[in-house]
Each structure stands twice: as C-alpha cells, then as structure tokens.
Amino acid sequence: MISRLTFDPPITVDELNSFTYNIVPNRDPVPRIDDLAQNYQRIECRSPANNPIDCHTATRSLCEVLYTCGSLGRPTFCFCTREFDYPQPQSMDGSRTFDEACPVDEI
C-alpha cells in the first residue's frame, strides 16, 4: 500500500482494492516490506530454506498454483519440473512420457 505512492500518477487504495490481485508466497521477503491490498492469496513456496528470495519469482509462483490447483487437463510447463523440482505431470492418454514432451535440449 505504501509503494502505491511511488507511481506517477499515484495509485489510490480504492484502485488497488478494485483492480489488483496479489499472489503472496510464504517466505517471500518482499511482501513483508509493505501492506497488502484486500485481494490476495497466500501460497506455498517450495524453494530451498536457505534461498527465500527465490520465492519472489513469478515462474515459481505460477508452478505452485498449477501444482496446487491443477491445470484442468492442460499441459503444465516443463520448467516447473526441470527448474523447480515439481513432480512430473502424468500423461492423460499415455501417448508420451515427460521426457518426450519436455526434452532437456529444448530448455
């Protein structure tokens, strides 16, 4: 809420509460510096305990949301498994393995 004043023009509290939604990973040190607007969701951060700043990455947060909430049968991102050690997704029809769908040389 405090950081809203750094924008030009400044953002009002009502605008933050009406038009934003924040994802707040536990152990992310950045959201602790400021107050949150009213629309937010806390999520886990599975980064190593000695690396809390890694909780402040959008890609890790996206992977956590997909892992926790599911992807409704849509493919998940290869980098979630390769970069952040999330479990390999299961093939819905058995046509391809994870390594076939996500070759290491394409990362």
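You'll find the structure just up there.
Residues numbered from 1 in each chain as written. Predicted model: local features only at pLDDT ≥ 70, side-chain atom pairs only at ≥ 80, totals over all residues. Heavy atoms only, no water.

Novice: Whenever I open this one, the state of the cysteines confuses me. Can you help?
Specialist: Overall, the coordinates contain three disulfides when judged by the stated rule. The side chain of C45 participates in a disulfide bridge whose partner is C55; the two sulfur atoms lie 2.1 Å from each other. Disulfide C45-C55: torsion about the S-S bond near -95 degrees, hence left-handed. Separated by ten residues along the polypeptide, C45 in the loop between β2 (40–43) and α2 (58–69) and C55 in the loop between β2 and α2 bring together distant segments of the chain. C45 sits in the buried class, given a relative accessible area of 7%. Two residues, C78 and C102, share a disulfide whose sulfurs are 1.9 Å apart. Between C78 and C102, the S-S torsion sits near -70 degrees, and that sign places the bridge as left-handed. Taken together, the positions of C78 in helix α3 (residues 78–82) and C102 in the segment after α4 (98–101) put the pair 24 residues apart, joining distant regions of the chain. Using a relative accessible area of 24% as the deciding quantity, one classes C78 as partly exposed. Once the bonded cysteines of the protein are numbered in order along the sequence, the disulfide links fall as 1-2, 3-5, 4-6. Cysteine C69 remains unbridged, with the sulfur of C80 as its closest cysteine sulfur at 13 Å. With a relative accessible area of 61%, C69 lands in the exposed category. (Disulfide = S-S within 2.5 Å. Helix = DSSP H or I, 4+ residues; strand = E, 2+ residues; numbered from the N terminus. Buried < 20%, exposed > 50% of the residue type's maximum accessible area, 1.4 Å probe, protein only.)

Novice: Even after reading the chapter, I still don't get the pattern of salt bridges, so can you show me in this structure?
Specialist: Any two side chains of opposite charge can pair, so long as their charged atoms come close to each other. Counted according to the given criterion, the structure contains three salt bridges. Two residues, R46 and E64, come together in a salt bridge whose shortest N-O distance is 2.6 Å. In this pair, R46 is assigned in the loop between β2 and α2 and E64 in helix α2, connecting sequence segments 18 residues apart. Between D99 and R82 there is a salt bridge; the shortest N-O distance is 3.2 Å. Highlighted residues: D99 in helix α4 and R82 in helix α3, separated in sequence by 17 residues. Taking relative accessible area as the criterion, D99 reaches 48% and is therefore assigned partly exposed. R82 gets classed as partly exposed once you look at its relative accessible area, which sits at 27%. (Salt bridge = Lys/Arg side-chain N within 4 Å of Asp/Glu carboxyl O.)

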